[in-house]
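Here are the chains, one letter per residue:
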Amino acid sequence: MAVSANPPSPRRRRRVWVVVVVVLALLAAAAAVYWFALRPRGTQAATAEATTLTVALSSYQATVSGPGTLQPIHAVSLTPDVSGRLTDIVSVGDRVGKGETLARLDPTSYQRAVDNASLALQKAEAGLAALQASQAKSGAGLESQIASLRSAADAAQRALESQQRDTQLTQTLYDMGSASTAELRAANDALVSAQEAVAKAQNDLSTQIGAQKLQDDADTQDLRTAQLAVEQAKLTLTNAQQDLAGTTVVAPFDGVVSAVTSDVGEMASSGGSSAATALLTMVDDSRLAIDVQIDESDIADVHVGQDATVTVDARPDLSLPAKVTQIAPTATLVSNIPVFYVTVEIDNSDGALRGGMTGNAEIVTRTVQDTFAVPSQAVVSRNGTSLVRVQQPDGSYRPVPVTAVGSRGLDTVLTGNVPDGAVILVSDGGRTANQTGTFPNNGSRPGGFPLGGGGGPGFRPPRRRGSG
């Protein structure tokens, strides 16, 4: 007799599934209780490892930077000293040395002026020489006449003295009765004549000496006039020679021709003319300058003579040393923001850079020795002091005060009593302070430190850049 089994009813099947779900839930609960309550302590700490780094001391440079455009230190636009037709001129890009010819004007008329001035000078010098000879001859004649008159005056004086003795002797003889009245009268008449002769000779001598003085004064004036004529002729010749030299434009310094605005055959006007235009422009590109914009909050740290580094957009492979040479005394508003223009000079003797290139200048405002960089979480704060945890010989970590001096990428640059090669705890892997030998951070965020107290007043890492 065959027996047939009846299939389980749907209600029975639901009860089976309920039992299965309840059993699985109980198993899951048991596993959770074991994991959170019954597992051995220290399992979690064993799975997380502390992160450390080894200190490598180096120097740190605090910098400020700004953009700018390279310009030559010396640039000059040149015009000729005279006007004329251009016969020769250099080309853009020509490199010239100091004193080399840049342009020439037609010198014909200026050479003619030099020749005429030279002849006029020769004529003036000949006139002066003739006047000097004539005056010398006239002076010699006057001197001869004066000498003769002086001799005549001396002779008349001697004759008078002799006649005075004769008259006195005749008077004595007359008194003794040895001379007649006629002899005494004749002696007195001769004395009067001798006295008149002396007076006349002295008057003639005096007159001639006065005439000589007048002649000397006139000769001096004539000589001065002739000398002035010579000086005027020399000045005219010098001006003509300068005008002739002005037909050649020469380089005032070593450099390169950056622009030419005239062509051969054109008329060029002198620099003193209102119609004057520059023939060309040349620059000294051996030294370039870049005027960079420095924010007002950073300008106090910038000084003349500080080292700088210049990079240009066109040559990113170049990083050139430079120096701060000038600082604007007042700010300039750029997009309503006050900035100070700082001039930084670059040695460009190799000609690697060109004026007009845009670039950036980074100025070193401060250099700090014996610094090291750590991630921000390695620095903790306690009572307003920034500290790092330095590993001791026994493996524990001791807090050491540090001072933030800047940033390097995402790391903080510090200085403090931390030796080169020391091991610093960056992260304790989630272990407690008692397990790691560290200290509580007083509720501050991990890695937090007071920039105002640690880095010094006014220290703002986001506004500066630094390099080791």
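To be clear, the structure that these remarks concern was listed above.
I will try to describe carefully the structure that is included in this document.

Basis of the calculations
Positions within a chain are numbered from 1, following the residues in the order the chain's sequence is written. Selection of residues for local features in this predicted model requires a pLDDT of at least 70, selection of side-chain atom pairs for listing and counting requires 80 or more, and totals for whole chains, interfaces and linings are taken over all residues. Note that the side-chain values use all heavy atoms of the structure and ignore hydrogens as well as water. Secondary structure is summarised from DSSP: a helix means a run of H or I of at least four residues, a strand means a run of E of at least two, and numbering begins at the N terminus for each. Here's how the labels work: a residue is buried when its accessible area is under 20% of the maximum for its type, exposed when over 50%, partly exposed in between, all with a 1.4 Å probe on protein chains only. Contact definition: two residues touch when any of their heavy atoms are within 4.5 Å. Each accessible area is a Shrake-Rupley result for a 1.4 Å probe, and residues are judged covered by the shown protein chains and nothing else. The way it works is a 1 Å grid over only the protein atoms, where trapped points that fit a 1.4 Å probe form a cavity and open points with protein on both sides within 12 Å along at least five of seven lines form a pocket, and then any residue with an atom within 4 Å of a point lines it. Grid points are joined across faces, edges and corners, and a volume is the space filled by probe spheres set on the points. Strand pairing follows a simple DSSP-based rule, namely that at least 2 bridges must link the two strands. The salt bridge definition used is simple: a Lys or Arg side-chain nitrogen within 4 Å of an Asp or Glu carboxyl oxygen.

## Overview of the overall build of the chain
No. 1: Summing up its helical and strand segments, the chain has six helices and 20 strands in all.
No. 2: Expressed as a percentage of the 468 residues in the chain, the buried residues total 30%.
No. 3: If you take every contact in the chain between residues at least 6 apart in sequence, the share linking residues at least 24 apart comes to 78%.
No. 4: Total accessible area on the chain stands at roughly 27,900 Å², and carbon and sulfur atoms take up 54% of it.

## Here we look at the layout of surface pockets
No. 1: Considering only enclosed or pocket space, the largest pocket measures out at about 250 Å³ in volume.
No. 2: Considering the residues around the largest pocket, the lining is formed by 13 residues, among which Arg-95, Val-256, Val-283, Asp-285 and Arg-354 are closest to the centre.
No. 3: When contributions to the lining of the largest pocket are tallied by element, the ones reaching two or more residues are strand S7 (255–260) and strand S9 (280–295).
No. 4: Sort the elements by how many residues they give to the lining of the largest pocket and S7 lands first, with three residues.

## So, the pairing of strand S10 (residues 307–312)
No. 1: Burial along S10 is one-sided: Ala-308, Val-310 and Val-312 are buried, and none of Asp-307, Thr-309 and Thr-311, which face the opposite way, are.
No. 2: For S10 and strand S11 (residues 320–327), the ladder comprises four bridges, and the chain directions are antiparallel. Considered in S11, the bridge of Thr-309 is made with Pro-321.
No. 3: In terms of strand pairing, S10 meets strand S14 (residues 358–375) through five bridges, oriented antiparallel. Considered in S14, the bridge of Thr-309 is made with Glu-362.

## Considering the pattern of salt bridges
No. 1: Within this structure, the stated rule accounts for seven salt bridges.
No. 2: When the shortest N-O distance is used, the salt bridge between Lys-213 and Asp-217 registers 3.5 Å. Here Asp-217 and Lys-213 lie together in helix H4 (residues 181–245), a separation of four residues that amounts to about one turn.
No. 3: Among the residues examined, Lys-213 registers a relative accessible area of 54% and is labelled exposed.
No. 4: Salt-bridge contacts for Arg-315 lead to Asp-317; the nearest nitrogen and oxygen are separated by 3.2 Å.
No. 5: Residue classification places Asp-317 among the exposed residues on the basis of a relative accessible area of 56%.

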